[in-house]
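# Structure assessment
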Amino acid sequence: MADIRLTVDGSPHVVASATTVGAVLHGLGVEAVVARVNGEALRDLAWVPGDGDVIESVPIDTDEGRAVLRHSTAHVLAQAVQQLYPDAKLGIGPPITNGFYYDFDVERPFTPEDLEQIEGRMRKIVKERQRFSRRVVTDEDARKELAEEPYKLELIGLKGGAADTEGAEVEVGGNELTIYDNLRRGAASEWELVWKDLCRGPHLPTTGKIPAFKLMRSAAAYWRGSEKNQQLQRIYGTAWESEEALQAHLDLLEEAERRDHRRIGADLDLFSFPDEIGSGLVVFHPKGGVIKRVMEDYVRQRHIEEGFDYVGTPHISKQGLFETSGHLPYYADTMFPPMEMEGSNYYLKAMNCPMHNLIFRSRGRSYRELPLRLFEFGSVYRFEKSGVVHGLTRVRGLTMDDSHSYCTAEQAPAEIQHLLSFILSLLKDFGLDDFYLELSTRDDSSDKFIGSDEDWETATRVLEKAATDTGLQLVPDPGGAAYYGPKISVQAHDAIGRTWQMSTIQYDFNQPAGFGLEYQASDGSRQQPVMIHSAKFGSIERFFGVLTEHYAGAFPPWLAPVQVTCIPIRSENVEYLDKLAERLRGEGIRVEVDDSDDRMQKKILRAQQQKVPFMFVAGPRDVEAGAVSVRYRNGVERRGVPVDDAILEVSRNIAARLVEPDALNPDALVPPESATS
RNA sequence: GCCCCGUUAGCUCAGUGGUAGAGCACUCGCCUUGUAAGCGAGCGGUCGUCCGUUCAAUCCGGACACGGGGCUCCA
């Protein structure tokens, strides 16, 4: 048998022809689940390379390796479901971030008990070490073999044109149609066919190569992602390269749950959603109110420093305004229905820009005023569908830190750069420093977008350039633009790696035209400005929720509702702490004295649970010495700290906007102006 | 909007076709405490709302409200 030459992970090798890539890698002691061939498609290990092929091993603990593992596990899931529910029809079963799913058309939804049973059956299939065996079929044969699978038949018809269906490419995405057979070693040691699925592959060599998996939940999902289609029952699962990796993932989910802003909001008495008010409508309690006010005060201050004028507008408006702005035809469905009053229809506003446009238009404008920057906390109301409302991150009443910059087209690039760097510095001040940008553009095939191609092109280029200049990662988001123009959004990673859309910058040439906005140029002519929408937090509510989860409720001292809790050891020490608290208040520090009858240990517990950054504990010895014992919420404590030093330390922490109270290096802190004496 | 699940004291949750319980919180009393829960007593619920079935409904059925997990959507 002739030999062939291969390049394996960068090194040349000679092997016998007809050797599988799995055998080649095994011979070299390389662990892999699939192989990339000639820099292109991933292949099963059973694939046989030809002379001159370049092979890269794909280990299981890589993104691609896990995707193969998860897709293979999805097949095991589907086989288990069809064994237990022979009438179940198959939808699709792709890998997703951190896991996989498979959709089924079944008589009744799966219960948690069903999932346990299915998972048990899956473990049996894994134990059987079934082979995944690839087989190329013609369309005609595939139709014959899958005659009982209506959804698969539909996919065969879509082959090549299924790109619009997320997940479907793993079934029929290749150039040729393939079926993967699951083969089990029978009693007489021969391989017998136990299950098969239309699939592009690749797969693990056998089900026995699945190290760790777990079914997570079931839910309904529309076939091919359209709410016009039938709903299928989807089972979500996750699979990992080891039990340890699976456990780490489950731990992360538990941590996310522990950080859930809805739970923390209740535990720390920050906000609630009273049924009596309605779904998606938040009330902030006093402690949440402190955080919200500090956030707003800071952002307002920064806007003023950056040249914005603070304005105010009402919550409702006559219908005509939203016709002029162009919003109504597109977004009537997501606005609260109109109120009829004295012959006019009034709408709760769902956006602030039309009102700012009226401020711009309220008198003649000169080019000398541009860029004219208007800013406010504008409360808007959006009738989000009942199923999408979620805590603070998706609400029906929200307040945007909304700004609009009116400028000449020539000024726009500089203005956008200015806004972008402003946004990034602001986010960093709030402790978010891990983000990337997204550029949302128009979808040419949709009629949702208005304006000329040239204007869109210009606007998109300007945004793209500003985004690229930051050096941050830029991810395209085709079709995600607003109807009036493209946008950049800032996606921030929180403390456990989830991403959230926060700030946005949108370039708008349509509304200035709709409102007939104009300014007088230096040559005396009337010109139309462009407007740039931007929101730094996005919405105060969502930003509040994200911050809460980012810090798991342990807000930095400058944001913490209570910055210092004073804890007396004996009741006669209360007076001493009351006086100390007065001094702290005089320094603008938010302080409470816990004068309840509880033991001091219990008071410490309570302050810890409330994530208060500083505790000042004082007993007879401290009173004697004019000192306190300073305890930080990380458990570190220093005893016998002179009162003046303790106060100074707290005010320095606040002024420096430190994330965690820094006990040990107070000298390293930037002293605030008030503390220089 | 669609599918599934849930709703019992302020919170977390038991429980039953014959109108209910625990822990924490809260109130009061005792204790005077040195770095993550001292002891005791008490208060507190038309069992989400409405309509049905039943001699009798917190429990069974339906509708609605609110919440949760997804889908779809997100100016």
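Up top is the structure.
The sections below set out a description of the structure shown in this document.

Here is what the cut-offs are and how they apply
Residues numbered from 1 in each chain as written. Chains lettered and ligands numbered in written order. Predicted model: local features only at pLDDT ≥ 70, side-chain atom pairs only at ≥ 80, totals over all residues. Heavy atoms only, no water. Helix = DSSP H or I, 4+ residues; strand = E, 2+ residues; numbered from the N terminus. Buried < 20%, exposed > 50% of the residue type's maximum accessible area, 1.4 Å probe, protein only. Contact = heavy atoms within 4.5 Å. Areas by Shrake-Rupley, 256 points an atom, 1.4 Å probe, with all protein chains shown as cover. Phe/Tyr/Trp six-rings, centres within 6.5 Å; stacked < 30°, edge-to-face > 60°. Pairing = 2+ DSSP bridges. Salt bridge = Lys/Arg side-chain N within 4 Å of Asp/Glu carboxyl O. Arc of directions from axis to C-beta. Polar contact = N/O pair within 3.5 Å; in protein donor to acceptor, adjacent residues only side chain to side chain. Near = heavy atom within 4 Å. Nonpolar A, V, L, I, M, F, W, Y, C, P; charged D, E, K, R; others polar. Axes fitted to C-alpha atoms, helices over the stretch in contact; angles between N-to-C directions. Parallel < 35°, antiparallel > 145°, perpendicular 65-115°, else oblique. Left-handed = near helix turned anticlockwise from the far one by under 90°. Expected span 1.5 Å × (residues − 1). Core = buried A, V, L, I, M, F, W, Y, C linked by side-chain atoms within 4.5 Å. Domains from an automatic or database assignment.

### Some remarks on the overall build of chain A
Along its length, chain A carries 20 helices and 33 strands. If one aligns the C-alpha atoms of chain A with their principal axes, the spans along those axes are about 90 × 75 × 55 Å. Taking all 677 residues of chain A together, 50% fall into the buried category. Looking at chain A alone, contacts between residues at least 24 apart form 67% of all its contacts between residues at least 6 apart. In the structure as shown, chain A presents an accessible area of about 31400 Å², 48% of it carried by carbon and sulfur atoms.

### A closer look at the packing of aromatic side chains
Taken as a whole and assessed by the stated rule, the structure comprises 32 aromatic pairs. Between Y151 and W223 the ring centres are 4.9 Å apart and the planes differ by 65°, which places this aromatic pair in the edge-to-face class. Highlighted residues: Y151 in helix α5 (residues 150-158) and W223 in the loop between β12 (212-222) and β13 (231-240), separated in sequence by 72 residues. On the basis of an interplanar angle of 70° and a centroid distance of 5.4 Å, the ring pair of Y298 and W558 is categorised as edge-to-face. Remark: W558 occurs in the loop between α16 (540-550) and β29 (564-568) and Y298 occurs in helix α9 (residues 286-305); sequence separation between them is 260 residues. Here Y298 falls in the buried class, since its relative accessible area comes to 12%.

### Some details on the pairing of strand β25 (residues 499-508)
In terms of residue burial, β25 counts as a mostly covered element, since eight of its ten residues are buried. When strand β24 (residues 487-493) meets β25, the two strands line up antiparallel, connected through six bridges. Following the sheet pairing, H493 is matched in β25 by T499. Linking β24 back to β25 in an antiparallel pair, the connection comprises five residues, with G497 at a positive phi of about 85°. As paired elements, β25 and strand β28 (residues 530-539) share five bridges and run antiparallel to each other. Bridge pairing in β28 links Y507 to I532.

### Section: the pattern of salt bridges
Applying the stated rule across the entire model yields 43 salt bridges. Between R363 and E369 there is a salt bridge, with the nearest N and O atoms lying 3.1 Å from each other. You can call R363 partly exposed: its relative accessible area is 48%. For R461, the salt bridge identified is with E457, shortest N-O distance 2.8 Å. A residue pair is termed a helical-turn pair when its members lie 3 or 4 positions apart in one helix, as R461 and E457 do in helix α14 (residues 453-469) at four residues. For R461, a relative accessible area of 40% corresponds to the partly exposed category. Among the ionic contacts, a cluster of salt bridges with common partners joins K124, E128, R184 and E192.

### Thoughts on α5
Working note: α-helix, 3.6 residues per turn, so residues spaced by three or four point in the same direction. All of the buried residues in α5 are Y151, K152, L155, I156 and L158. Buried residues of α5, seen end-on, are gathered within an arc of 160° and therefore sit on one face of the element.

### Examining the side chain of D197
Positionally, D197 belongs in strand β11 (residues 191-198). D197 sits in the buried class, given a relative accessible area of 0%. At 2.5 Å, the side chain of D197 and the side chain of Y102 are in polar contact.

### So, the side chain of H356
By the element assignment, H356 lies in helix α12 (residues 353-361). Residue class for H356 comes out buried when judged on its relative accessible area of 0%. Setting aside its immediate chain neighbours within four residues, H356 contacts V311, T313, L374, F375, E376, D402, H404 and Y406.

### Brief notes about the pairing of strand β1 (residues 3-8)
Taking every second residue as pointing to the same face, the buried face of β1 carries I4, L6 and V8, while none of D3, R5 and T7 on the other face is buried. In the sheet, β1 pairs with strand β2 (residues 11-16) via six bridges, with the strands oriented antiparallel. Bridge assignment links L6 to a residue of β2, and that residue is H13. Counting the residues that bridge the hairpin from β1 to β2 gives two residues, and of these D9 lies at a positive phi of roughly 45°. Sheet topology places β1 next to strand β5 (residues 54-58); two bridges connect them, and they run parallel. Note that in β5 the partner of T7 across the bridge is V54.

### A look at the protein's contact with RNA strand B
RNA strand B sits among 50 residues. The nearest are Q231, T334, R570, R599 and S629. Within the contact set of RNA strand B, a base nitrogen lies 3.5 Å away from a backbone nitrogen or oxygen of G387. One of the side-chain N or O atoms of R394 is found 2.8 Å from a base oxygen in RNA strand B. Those elements that provide at least two residues to the surface near RNA strand B are β12, β13, α18 (600-609), α19 (620-625), β32 (627-632) and β33 (637-642). Of all the elements, α18 adds the most residues to the surface near RNA strand B, at six residues. Considered class by class, the residues forming the surface near RNA strand B number 17 nonpolar, 15 polar and 18 charged.

### Some remarks on the packing of α9 against helix α13 (residues 412-429)
Working note: a packed helix pair is described by the angle between its axes plus the distance between those axes. The interhelical angle for the contact between α9 and α13, taken along N-to-C directions, is 150°, at an axis separation of 12 Å. Overall, the two elements α9 and α13 adopt an arrangement that is roughly antiparallel. For the element pair α9 and α13, the recorded crossing hand is right-handed. Taken together, the residues of α13 that come into contact with α9 (itself represented by Y298, V299, R302 and H303) are F422, S425, L426 and D429. Looking at the contact of α9 with α13 residue by residue, the classes come out as four nonpolar, two polar and two charged.

### Structural notes on the sheet that holds β5
Spatially, five strands are ordered β2-β1-β5-β3-β4 in an open sheet, and the strand pairing comes out mixed. Either end of the sheet is taken by a strand with one partner, and the two such strands are β2 and β4 (42-43).

### A short note on helix α2 (residues 63-84)
Spanning 22 residues, α2 covers 31 Å between terminal C-alpha atoms, matching the ideal 32 Å at 1.5 Å per step. In terms of burial, α2 is a largely internal element, 17 of the 22 residues being buried.

### Some remarks on the environment of A32
For A32, the position within the fold is in the loop between α1 (21-27) and β3 (34-37). In sequence terms A32 and D61 are 29 residues apart; their C-alpha atoms lie 9.1 Å from each other. Apart from residues lying up to four places away in sequence, A32 is in contact with L25, L45, S57, V58 and P59.

### Considering the nonpolar core
Residues M295, F430 and F616 are the most contacted members of the largest nonpolar core, which totals 80 residues. In terms of residue count, α13 provides more of this core than any other element does, nine residues in total. Looking at this core, you find at least three residues from each of domain 3 (271-550) and domain 4 (564-675). With 35 residues, the next largest nonpolar core counts L90, F104, L215 and I235 among its residues.

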